[in-house]
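The primary structure of each chain is shown beneath.
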Amino acid sequence: MTLAQLKTLIPEDAQAKGRTAAIMGGILLSFDPIFVRLSGVGGYETAFLFGLFSALSMGTLIQATDARGLVGTIRESGWPAFVSGLIILGSASMFVLSIKHTSVANTMMILSGRPVLTAAAAWLVLGERTTARLWLAIVGVICGMAVVVSGSLQSGNVHGDALALVGVTCLAVNGVMWRHFKSMSRMLVVGYGGFFLAAIMFFLVDLSAIPARTWLVMACMGLLSAPAGRVLNAVSSRYIPAAEMATYALLSPVLAPIWVFLLFREQPPTATLAGGTLILATIATYIVATARRP
């Protein structure tokens, strides 16, 4: 397929572009737990490789596609991109470490609290209005989360759950950052986050102990699916409100446990399945209702 043919698939309407990018980003990010589980090493090693390959892929892509080059992009994006990259450091590291300390379903469903925190942060910081339709969708998501949590109170995964909570808070704050500073390079932000993650984890890992297979698995994640998903997620914030972007991103928490079950036979509890179904139904209903809006 040629570049011209690919461009014809991109919606012309700005809001449609944002929704398409958010949905595609959510789908790609749902594959992250698979790579984390396949890495076969500890959380610090996994986080280091993820950050390293993300930084390399984004830096190379910026240099190849942006007329300003990497240095020019860094200079023009200024401090907002730097701060947003630091926030990605928090969300990415907490995500990887949480996956290592609790079930994938638990981590991903805690991440589904992102729209609530994003909507609250956007309202407090940006004064951004949130429609009644979106608030109803968020209520449905909260109900789904409540069902999930009710079935995992006795799991003993307090450490992993706490890490996921910190991660989702970082995601919400970054959603507001992306919405407010629309002109900063999204690829640079993801690259910053990867660089910071690799730089910190470098002092906590033994590179000689990481097997070649792990390097290959994390290269697939860090060079392909993970950066693409995060860039699409960030780009969507240029066209749609922060809370709406976060709602579409809920595809990732819902789909990830399904992939993990199919590959690793990690079966989520009944409550997690019920809550995930409610969340998915809420997202689908919201998308349909929004698409019919004049």
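A quick note: this is a predicted structure, and the numbers were derived from the prediction, not measured.

## Side note on the packing of helix α4 (residues 43–65) against helix α5 (residues 69–101)
Then, in step 1: One way to put it is that α4 packs onto α5 with a least axis distance of 11 Å and a crossing angle of 155°. Of the possible angle classes, the one that applies to α4 and α5 is roughly antiparallel. Viewed along their axes, α4 and α5 form a crossing whose handedness is right-handed. Here G43, Y44, T46, A47, F50, G59, I62 and Q63 of α4 lie close against α5, whose contacting residues are G69, L70, T73, A92, V96, L97 and K100.
Then, in step 2: In terms of residue class, the contact of α4 with α5 is built from 8 nonpolar, 6 polar and 1 charged.

## Topic: the packing of aromatic side chains
Then, in step 1: Following the criterion strictly, the structure yields 9 aromatic pairs and no others.
Then, in step 2: The interplanar angle of 45° and the centroid separation of 6.3 Å between the aromatic rings of F48 and F202 together place this pair among those described as tilted. With F48 in helix α4 and F202 in the loop between α10 (186–201) and α11 (212–236), this pair connects stretches of sequence that are 154 residues apart.
Then, in step 3: On the basis of relative accessible area, F48 is assigned to the buried category, the value being 6%.
Then, in step 4: Ring geometry for Y192 versus F196: centroids 5.6 Å apart, planes at 5°, classification stacked. A residue pair is termed a helical-turn pair when its members lie 3 or 4 positions apart in one helix, as Y192 and F196 do in helix α10 at 4 residues.

## A short note on the confidence of the model for the chain
Then, in step 1: Per-residue confidence for the chain averages 81 on the pLDDT scale, and 90% of its residues sit at or above 70.
Then, in step 2: Per-element averaging of pLDDT across the chain places helix α1 (residues 3–8) at the bottom with 44 and α10 at the top with 91.

## Topic: the side chain of T282
Then, in step 1: Of note, T282 is situated in helix α14 (residues 270–291).
Then, in step 2: Look at T282 and you get buried, because its relative accessible area is 14%.
Then, in step 3: One polar contact links the side chain of T282 to the main-chain carbonyl oxygen of L278, over a distance of 2.8 Å.
Then, in step 4: Apart from the residues lying within four places of it in its own chain, the contact partners of T282 are A137, G140 and V141.

## Describing the environment of F196
Then, in step 1: In this structure F196 comes out as buried when scored by relative accessible area, which is 11%.
Then, in step 2: Separated by 113 residues in the primary sequence, F196 and V83 have C-alpha atoms spaced 11 Å apart.
Then, in step 3: Excluding anything up to four places from it in sequence, F196 contacts F82, G85, L86 and L89.

Reading the values: the criteria
- Residues numbered from 1 in each chain as written.
- Predicted model: local features only at pLDDT ≥ 70, side-chain atom pairs only at ≥ 80, totals over all residues.
- Heavy atoms only, no water.
- Axes fitted to C-alpha atoms, helices over the stretch in contact; angles between N-to-C directions.
- Helix = DSSP H or I, 4+ residues; strand = E, 2+ residues; numbered from the N terminus.
- Parallel < 35°, antiparallel > 145°, perpendicular 65-115°, else oblique.
- Left-handed = near helix turned anticlockwise from the far one by under 90°.
- Contact = heavy atoms within 4.5 Å.
- Nonpolar A, V, L, I, M, F, W, Y, C, P; charged D, E, K, R; others polar.
- Phe/Tyr/Trp six-rings, centres within 6.5 Å; stacked < 30°, edge-to-face > 60°.
- Buried < 20%, exposed > 50% of the residue type's maximum accessible area, 1.4 Å probe, protein only.
- pLDDT = per-residue confidence, 0-100.
- Polar contact = N/O pair within 3.5 Å; in protein donor to acceptor, adjacent residues only side chain to side chain.

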